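If you want the building blocks of each chain, they are given just below.
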Amino acid sequence: PGHPADTLRRENEALRGSLARMQRAMTHVLDAPANGDSDAAVLEWRQALNELQDIDKHYQRKEHLFFACLERHGIMGPSKVMWGKDDEIRSLLKDLAAALRERETTVAEWKLLAATTGAAAVNTIQEMFYKEEQILLPICLQHFTEDEWGEIWASSPRYGWCLVEPLE
């Protein structure tokens, strides 16, 4: 508890909850009749998306602390691939947020948004959970020293926490 790897995993669990709420809301939008009312589902979607946008803190900490340490060990592959995917996720979430702010949107337009940008965001975020937990963290745990983990822990507050606070 409190270790940067534990905090990253706990943040992923919290993000999974927000992502599941967003998926449920998108399903409600997709299931709504074409001439029906989707306001409640869109509100639920907005709320879940607001939580998911906290992912930027998670990614900044990973990019600036974990990746920097990996590169000191001569390990470049994960950071190059993941940073690009992180940017893709940020862009998808930004596009969703802009679209969900629109007030004069038809149910058909909400459905299209859920089926395209929404689905892409969900899939890409889920893929990143896997990459972080099955690729990034095992490499970090294998190569980082206690002092390096201490540096990451000490520098982490600069970026903030995503949906959860680290444990003691």
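Conventions used here
- Residues numbered from 1 in each chain as written.
- Predicted model: local features only at pLDDT ≥ 70, side-chain atom pairs only at ≥ 80, totals over all residues.
- Heavy atoms only, no water.
- Helix = DSSP H or I, 4+ residues; strand = E, 2+ residues; numbered from the N terminus.
- Buried < 20%, exposed > 50% of the residue type's maximum accessible area, 1.4 Å probe, protein only.
- Contact = heavy atoms within 4.5 Å.
- Areas by Shrake-Rupley, 256 points an atom, 1.4 Å probe, with all protein chains shown as cover.
- Lys, Arg positive; Asp, Glu negative; His and termini not counted.
- Charge placed at Lys NZ, Arg CZ, Asp CG, Glu CD.
- Salt bridge = Lys/Arg side-chain N within 4 Å of Asp/Glu carboxyl O.
- Polar contact = N/O pair within 3.5 Å; in protein donor to acceptor, adjacent residues only side chain to side chain.
- Axes fitted to C-alpha atoms, helices over the stretch in contact; angles between N-to-C directions.
- Parallel < 35°, antiparallel > 145°, perpendicular 65-115°, else oblique.
- Left-handed = near helix turned anticlockwise from the far one by under 90°.
- Nonpolar A, V, L, I, M, F, W, Y, C, P; charged D, E, K, R; others polar.
- Core = buried A, V, L, I, M, F, W, Y, C linked by side-chain atoms within 4.5 Å.

**Q** Tell me about the overall build of the protein chain, and name the residues and values.
**A** Helix and strand counts for the protein chain come out as six helices and zero strands. Scanning the protein chain from its N terminus toward the C terminus, one meets helices and strands in the order α-α-α-α-α-α. Expressed as a percentage of the 168 residues in the protein chain, the buried residues total 46%. Long-range contacts, defined here as pairs at least 24 residues apart, represent 83% of the contacts in the protein chain between residues at least 6 apart. Summing over all exposed atoms, the protein chain offers an accessible surface of approximately 8,600 Å²; the carbon and sulfur share of this is 52%. For the protein chain, the distance from the average site of its 19 positive side-chain charges to the average site of its 28 negative ones is 1 Å.

**Q** Let's hear about the pattern of salt bridges: which residues, and what values?
**A** All told, the structure shown has 13 salt bridges when counted by the stated rule. Here R16 and E133 are joined by a salt bridge, their closest N and O atoms 2.9 Å apart. Of this pair, R16 sits in helix 1 (residues 4–31) while E133 is found in helix 5 (residues 107–143), placing the two residues 117 residues apart along the sequence. For R16, a relative accessible area of 28% translates into the label partly exposed. Across the pair R90 and D56 runs a salt bridge whose closest N-O atoms are separated by 2.5 Å. Here R90 is found in helix 4 (residues 77–101), whereas its partner D56 is found in helix 3 (residues 55–72), with 34 residues between them in sequence. Residues participating in the shared-partner salt-bridge network are D56, E63, D87 and R90.

**Q** So what's going on with the environment of N12? Which residues, and what values?
**A** Mapped onto the elements, N12 comes out in helix 1. Beyond its immediate stretch of four places on either side in the chain, N12 contacts H58, F129, E132 and E133. Polar side-chain contacts of N12 include one of 3.3 Å to the side chain of H58. Among the polar contacts listed, one links the side chain of N12 to the side chain of E133, at a separation of 3.0 Å.

**Q** Any chance you could break down the packing of helix 3 against helix 6 (residues 146–155) for me, citing the residues and the numbers?
**A** It is at 10 Å that the axes of helix 3 and helix 6 come closest, and there the two elements cross at 155°. Taken together, the axes of helix 3 and helix 6 are roughly antiparallel relative to one another. Like other packed secondary-structure pairs, helix 3 and helix 6 cross with a definite hand, here right-handed. Seen from helix 3, the contacting residues are L65, F66, C69 and R72; seen from helix 6, they are E148, W149, E151, I152 and S155. Residues that form the contact of helix 3 with helix 6 fall into these classes: five nonpolar, one polar and three charged.

**Q** Quick one: what's the story with the nonpolar core, residue by residue and with numbers?
**A** Generally speaking, soluble globular proteins have nonpolar side chains that are buried together. In terms of nonpolar packing, the biggest core is built from 45 residues, with M22, W45, F66, L93, L96 and F144 touching the most fellow members. Among the secondary structure elements, those contributing two or more residues to this core are helix 1, helix 2 (39–52), helix 3, helix 4, helix 5 and helix 6. Among the elements that line this core, the one with the most residues is helix 5, at 11 residues. Contacts of F66, omitting those with residues within four sequence positions, involve P4, L8, R61, L137, C140, F144, W149 and I152.

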